[in-house]
Amino acid sequence: MKVCIAEKPSVAREIANVLGAKNRKDGYIEGNGYQVTWTFGHLCTLKEPHEYYAQWKSWRLEVLPMIPPRFGIKLINNDGIAKQFSVIESLVQNADEVINCGDAGQEGELIQRWVMQKAGCKCPVKRLWISSLTEDAIREGFQKLKDQSDFTKLYEAGLSRAIGDWLLGMNATRLYTIKYGQNKSVLSIGRVQTPTLALIVNRQLEIENFKPEPYWELKTLYRETTFSVTKGRFTTQEEGEKFLEEIKGSLFEITDVTIKKGEESPPRLFDLTSLQVECNKKFAFSAEDTLKTIQSLYEKKLTTYPRVDTTFLSDDIYPKVPDTLKGLIGYEDLTSPILGGEKILKSKKVFDNSKVTDHHAIIPTGVRANNMNENERKVYDLVARRFIAVFYPNCKISTTTVLGEANKIEFKTTGKQILDAGWRIVFEKKHSAQQDEDENRDDENILPTFEKGESGEHEPSLTEKWTTPPKYYTEATLLRAMETAGKLVDDEELRDALKENGIGRPSTRANIIETLFKRNYIRKEKKNLYATVTGVELIQTIKEDLLKSAELTGIWEKKLRQIEKSEYEPKAFLDELKQMVAGIVHNVKNDWGRSITIEEVVKEEEKPKKEKKPSKPREKKASAAKKKEAKEAGVKEGDVCPVCGKGKILKGKTAYGCSEWKAGCSFRQSF
């Protein structure tokens, strides 16, 4: 009998249906020579500290660092898990062959291997490796089953990750909690969550410590078109006014007109991170919301495997493209031009075997899309349109650069015009409000026709501006920063190069962000992420760069990927971590005592209440009447805040605010 172990019951049912197993039993489905059973994600986990040594049960500095001589696994303490595991154990011990049908990724491999190990599996094991749950994909996967040994390095990478997280998490969390936690709360430290928190904290401190500086821009209006001086900004008003006086009364002359034609490629297909970024920008979905939604679409057979970090397809997908496009019901107006052509476009920017490892980019399967909720429809539409767009021609554009001068002082303006929309028509009906705003701005930048040598009257002006701080992280920009170890870049090819050193994995980043919320290290206001007092003080207390540097953590991530490729030994990775943990414990033990403020969590349902206990560190929000009174009174920079009475008024880019905003004061008054 062949025993198949899937990662969840729904997947087991799909597999059983394809294999012809129809007889439902307690914990498995049987038939046609197969028994198909399932886990519910993790059934096993690494043992707790006290299960190695009794003295490790108590949280005491003297027992740190805790480094077991050999790591062991245990069954998670849950009656449902215990019952299902006993079913798996019985089936495995009587099997002729086991087929690992777990999630086709590092975590899925680890989950299934631990279960088989715990169940005492001795028979040969095969591996099902598929990128979608359609019947055709499952059937094809069973025809091409792989040997379990082909995935040993993937398992070793997953095991190294789990042990590394245990070593750092268990030791550092106990260490910082005992030393700085005031016996009030656990101070959770993690290999990925702490450098992610550090990104947010460092950005916040950079904004808080930012000193705005004035500068002046010299522009002139000629034929209803704004030209900017090529010299750039002026650091003093006197210098700007000197140039302004020089050009007043003089004619403006066009000295050069350059028209350059170019093409824009379609946007890349989605990997998980870029999908999460797009959904956060367009729909304000959290990374976790997007992951759950795309996972649901995968389980409904509508999209391919979601936990991927590539935006490319393998060459073997190309022959399947016509059938996939035909299955996109509701998109016929967009797919018919592709299907009606002589040959479907095949671009190296889409199909590249060298850029695909375990799985390809997220695409629709071509299965008829029914039974979707609103969020699923939104995400499916993004995936479907990206897929359709890559088979459209490039968008043809014309970029015009116009140079002019007044009294020998040079000015410049540029404008862009779309000559042939190409792939852009795929997205025309699905604009967000932000896209409409951006495109209206682009439309305003379409230039009139200028002739070299023409001249006329113009209206010069000198405008005072102020330098602005960087923006707070949103989930979208934080995901990008995690992907590139803190380096925010727009260029897709450069991003690909930096992914190697990204922190976390596409499948875990959403959970890391959620963990920071649950630990009350960060909070969200609209889309912006802010560190709490606890989060800020924790990062400021941690002196070891190895614990909080996104760049150094990215190097560890790279080593884990190298383990997958047999380019790095798991033992070397773990020996480094053990040495690092021992060093951190030594340094913190010898640190002078201090404490970290434990900010209490404000639950959602408590937020509307008007009164708060005086013991809480945050100030209560101003009433509407008090805010109105403050606004009518008028404020200026340096005044005492009329709402909280403690802070000083600060002048921002577009509004006045209070220096005590971090403590909860919500005063804000637009200019």
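Procedures and definitions
- Residues numbered from 1 in each chain as written.
- Predicted model: local features only at pLDDT ≥ 70, side-chain atom pairs only at ≥ 80, totals over all residues.
- Heavy atoms only, no water.
- Core = buried A, V, L, I, M, F, W, Y, C linked by side-chain atoms within 4.5 Å.
- Buried < 20%, exposed > 50% of the residue type's maximum accessible area, 1.4 Å probe, protein only.
- Helix = DSSP H or I, 4+ residues; strand = E, 2+ residues; numbered from the N terminus.
- Contact = heavy atoms within 4.5 Å.
- Phe/Tyr/Trp six-rings, centres within 6.5 Å; stacked < 30°, edge-to-face > 60°.
- Arc of directions from axis to C-beta.
- Pairing = 2+ DSSP bridges.
- Axes fitted to C-alpha atoms, helices over the stretch in contact; angles between N-to-C directions.
- Disulfide = S-S within 2.5 Å.
- Parallel < 35°, antiparallel > 145°, perpendicular 65-115°, else oblique.
- Left-handed = near helix turned anticlockwise from the far one by under 90°.
- Nonpolar A, V, L, I, M, F, W, Y, C, P; charged D, E, K, R; others polar.

**Notes on the nonpolar core**
Inference 1: With 151 residues, the main nonpolar core has Ile15, Val98 and Tyr176 as its most contacted residues.
Inference 2: Looking at which element gives the most residues to this core, the answer is helix α5 (residues 152-180), with 11 residues.
Inference 3: Residue contacts for Val98: discarding those within four places in its chain leaves Val3, Ile5, Val92, Met116, Cys121, Cys123, Pro124, Val125 and Lys126.
Inference 4: By size, the runner-up hydrophobic cluster in this structure holds 17 residues, among which are Phe227, Ile247, Val402 and Phe411.

**Side note on the packing of aromatic side chains**
Centre distance and the angle of the planes are the two values used to describe a pair of aromatic rings.
Inference 1: In this structure the tally under the stated criterion is 22 aromatic pairs.
Inference 2: When the ring of Phe71 is compared with that of Trp166, the centres are 5.2 Å apart and the planes differ by 85°; the resulting orientation is edge-to-face. Taken together, the positions of Phe71 in the loop between β5 (44-46) and β6 (73-75) and Trp166 in helix α5 put the pair 95 residues apart, joining distant regions of the chain.
Inference 3: Classification of Trp166 by relative accessible area gives buried; the value is 7%.

**Re helix α11 (residues 332-339)**
Inference 1: Those residues of α11 that sit buried are Leu334, Thr335 and Ile338. Here the buried residues of α11 occupy an arc of 85° about the axis, which is enough to place them on one side.
Inference 2: Each element contacted by the buried residues of α11 is listed here: α10 (321-326) and α12 (374-389).

**Points about the sheet that holds strand β2 (residues 23-24)**
Inference 1: Across the sheet, which stays open at both edges, the 7 strands sit in the order β2-β3-β4-β1-β7-β8-β9 with mixed pairing between neighbours. Every interior strand has two partners, whereas the edge strands, β2 and β9 (146-147), have only one.
Inference 2: Pairing analysis gives 4 bridges linking strand β3 (residues 28-31) to strand β4 (residues 34-38), with the strands arranged antiparallel. Residue pairing in the sheet places Gly31 in a bridge with Tyr34 of β4.
Inference 3: Relative to the sheet, helix α3 (residues 106-118) contacts β1 (2-6), β7 (97-101) and β8 (125-127), its axis offset from that of β7 by approximately 150°.

**Points about the state of the cysteines**
Disulfides are covalent bonds that connect the sulfur atoms of two cysteines.
Inference 1: Using the criterion set out here, one finds 0 disulfides in the structure.
Inference 2: Cys4 supplies the cysteine sulfur nearest to Cys101, a cysteine that is in no disulfide, at a spacing of 4.3 Å.
Inference 3: By relative accessible area, which is 5% here, Cys101 ends up buried.
Inference 4: Residue Cys121 stays outside any disulfide, its sulfur separated by 4.0 Å from that of Cys123, the closest cysteine.

**Thoughts on the sheet that holds strand β16 (residues 459-466)**
Pairing between sheet strands relies on hydrogen bonds along the backbone, with the strands arranged either parallel or antiparallel.
Inference 1: Here 7 strands make up an open sheet; going across it, the order is β15-β12-β13-β14-β11-β10-β16 and the pairing antiparallel. Looking along the sheet, the strands with just one partner apiece sit at the ends: β15 (455-456) and β16.
Inference 2: Strand direction decides the pairing type here: strand β12 (residues 252-264) and strand β13 (residues 395-406), joined by 12 bridges, are antiparallel. Across the sheet, the residue bridging to Ile259 is Thr400, located in β13.
Inference 3: Contacts between helix α7 (residues 237-247) and the sheet are confined to β10 (214-222), β13, β14 (409-420) and β16, with β16 contributing the most and set at about 170° to the helix.

**Thoughts on the packing of α5 against helix α19 (residues 550-564)**
Inference 1: It is the contact of α5 with α19, at a shortest axis distance of 7 Å, that shows an interaxial angle of 150°. Comparing the axis directions of α5 and α19 gives the class roughly antiparallel. Seen along the crossing, α5 lies across α19 with a hand that is right-handed. Note on element contacts: α19 touches α5 through Trp556, Glu557, Leu560, Ile563 and Glu564, opposite Lys153, Leu154, Glu156, Ala157, Ser160, Arg161 and Leu168.
Inference 2: Looking at the contact of α5 with α19 residue by residue, the classes come out as 6 nonpolar, 1 polar and 5 charged.

**Side note on helix α16 (residues 509-518)**
Inference 1: Of all the 10 residues making up α16, 7 are buried; the element is thus mostly covered by neighbouring parts of the structure.
Inference 2: Taken as a whole, α16 has its buried residues at Arg509, Ala510, Ile512, Ile513, Glu514, Thr515 and Leu516.
Inference 3: Considering only its buried residues, α16 is in contact with α6 (193-208), α8 (272-283), α9 (287-299), α14 (475-483), β17 (522-525) and α19.
Inference 4: Among the residues trailing α16, Asn520 stands out with phi positive, at a value near 60°.

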